[in-house]
Amino acid sequence: MKYGLMGVAVLLASSTVAFGADLYQPPVEQPIVDQPVVAQPVASAGGWYLRGDVGYSYTKMRGAHFFQGSNGSVANFASAKVDNTWTGGIGVGYQATSYLRGDLTLDYFGKSDFRGSTIGSCGVSLNCTSRDITSFSALSLMANAYVDLGTYYSITPYVGGGIGGTRVKWDKLRNTSCDSSNPANCDTTVEHGGGENWRFTYALMAGASVDITCDLKADVGYRYRRVLGGNMFGYAQNGGPGYDKGFNMHEVRAGLRYSLGGCAEQVAYEPPPVSYEPPPVFK
């Protein structure tokens, strides 16, 4: 009996030790390795860029006046209207920060036809109405500054302003005066030499750019340009010279901007692998 109890105690003790050994699982240690690095191209925050734009201009002439008779008096045109036309431009700029940039642009304003009229005396009558026909084109050199208002889903709205000069070039003006009561009774058409000169110009802009790639953006915007007045046509047969009073130009534009600095690289670290520890096995 005594030896039997001792045997049972020894058997229970060995079973407990074996069960404890089966229950304990040492932690799995993962080898320490460098985290892999991923380089992704992103838009550069600064640097030089090139731009090109095309657009359509809704143009309003602010009026015109001319010397008449012996050049002792000045009269306004009774009507003065120019057609809308297209615009195109190129430029180079610099992105100083994520929010501030500036550029220098050269824009061509396509030929726009002018139709006007004056009222006064002429050779055929004391009550005449003239028909005046010509056209003009223009070239603007502008320095511009912009504030980018943040990027939202690859879209960056902006506002800006610019100052510079516009060279307006008028073609010959053809003037035909007719009797107001008898339009078929007209004087011979007179040609006045066209005028040209540089005028001060300022502009206000608003729009948005869209990221096409990290170094190429599409730009859509509105620009208001105010061109001051200047020479329009010269003297001919007791009439002239004439001067326009300037233009208000409302332009809708679209273009591209290309960054010369290329794409910056954004470094991203992949997360380390998650260690998997199998559950303990009971035997």
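Just so you know, these numbers come straight off a predicted model, no measurement behind them.

Caption draft 1: Structural context of the pattern of salt bridges. The tally for this structure, following the rule as stated, stands at 16 salt bridges. As a salt-bridge pair, Asp-103 and Arg-51 come within 2.9 Å of each other at their nearest N and O atoms. Here the residue Asp-103 occupies a position in strand β7 (residues 100-120), and Arg-51 occupies one in strand β2 (residues 47-61), the gap between them amounting to 52 residues. Asp-103 sits in the buried class, given a relative accessible area of 5%. Judged by relative accessible area, Arg-51 falls into the buried class, the value being 6%. Residues Asp-211 and Lys-217 are paired through a salt bridge, measuring 2.5 Å at the closest nitrogen-oxygen approach. When its relative accessible area of 25% is taken as the criterion, Asp-211 is described as partly exposed.

Caption draft 2: Quick look at the nonpolar core. Formed by 18 residues in total, the largest nonpolar core has its most connected members in Met-61, Phe-114, Phe-136, Val-168, Trp-170, Met-232 and Phe-247. Breaking this core down by element, the ones donating at least two residues are β3 (64-68), β7, β8 (128-148), β9 (155-170), β15 (230-233) and β17 (247-259). Membership of the second largest hydrophobic core comes to six residues, among which are Tyr-49, Met-142, Tyr-158 and Met-205.

Caption draft 3: Inspection of the side chain of Thr-201 at higher detail. With respect to the helices and strands, the residue Thr-201 is situated in strand β13 (residues 196-213). In this structure the side chain of Thr-201 is engaged in a polar contact, spanning 3.3 Å, whose partner is the backbone oxygen of Arg-199. Beyond its immediate sequence surroundings of up to four residues, Thr-201 is in contact with Met-142, Gly-162, Ile-163, Gly-164, Gly-165, Thr-166, Arg-225, Arg-226 and Val-227.

Caption draft 4: Looking closely at unusual backbone geometry. Residues Gly-240 and Pro-241 are joined by a peptide bond in cis, for which omega reads 0 degrees. Within the secondary structure, Pro-241 sits in strand β16 (residues 239-244). Although it is not a glycine, Tyr-153 adopts a positive phi angle of roughly 55 degrees. Structurally, Tyr-153 is set in the loop between β8 and β9. A positive phi angle, near 70 degrees, is found at Ser-154, a position not held by glycine. Looking at where Ser-154 falls in the secondary structure, it is placed in the loop between β8 and β9. Taking relative accessible area as the criterion, Ser-154 reaches 34% and is therefore assigned partly exposed.

The rules we used
- Chains are numbered independently. Their residues run from 1 in the order of the written sequence.
- Selection of residues for local features in this predicted model requires a pLDDT of at least 70, selection of side-chain atom pairs for listing and counting requires 80 or more, and totals for whole chains, interfaces and linings are taken over all residues.
- Each side-chain value is derived from all of the structure's non-hydrogen atoms; neither hydrogens nor water enter the calculation.
- The salt bridge definition used is simple: a Lys or Arg side-chain nitrogen within 4 Å of an Asp or Glu carboxyl oxygen.
- Only DSSP runs of H or I covering at least 4 residues are called helices, and only runs of E covering at least 2 are called strands; the numbering of each starts at the N terminus.
- Only protein chains enter the accessibility calculation, which uses a 1.4 Å probe. A residue is then buried if its area is under 20% of the maximum for its type, exposed if over 50%, and partly exposed in between.
- Put simply, buried Ala, Val, Leu, Ile, Met, Phe, Trp, Tyr and Cys residues joined by side-chain atoms within 4.5 Å make one nonpolar core.
- In protein, a polar contact requires one atom able to donate a hydrogen and another able to accept it; more generally it is a pair of N or O atoms within 3.5 Å, and residues adjacent in sequence count only if both atoms are side-chain atoms.
- The contact criterion used is simple: two residues touch if any of their non-hydrogen atoms lie within 4.5 Å.

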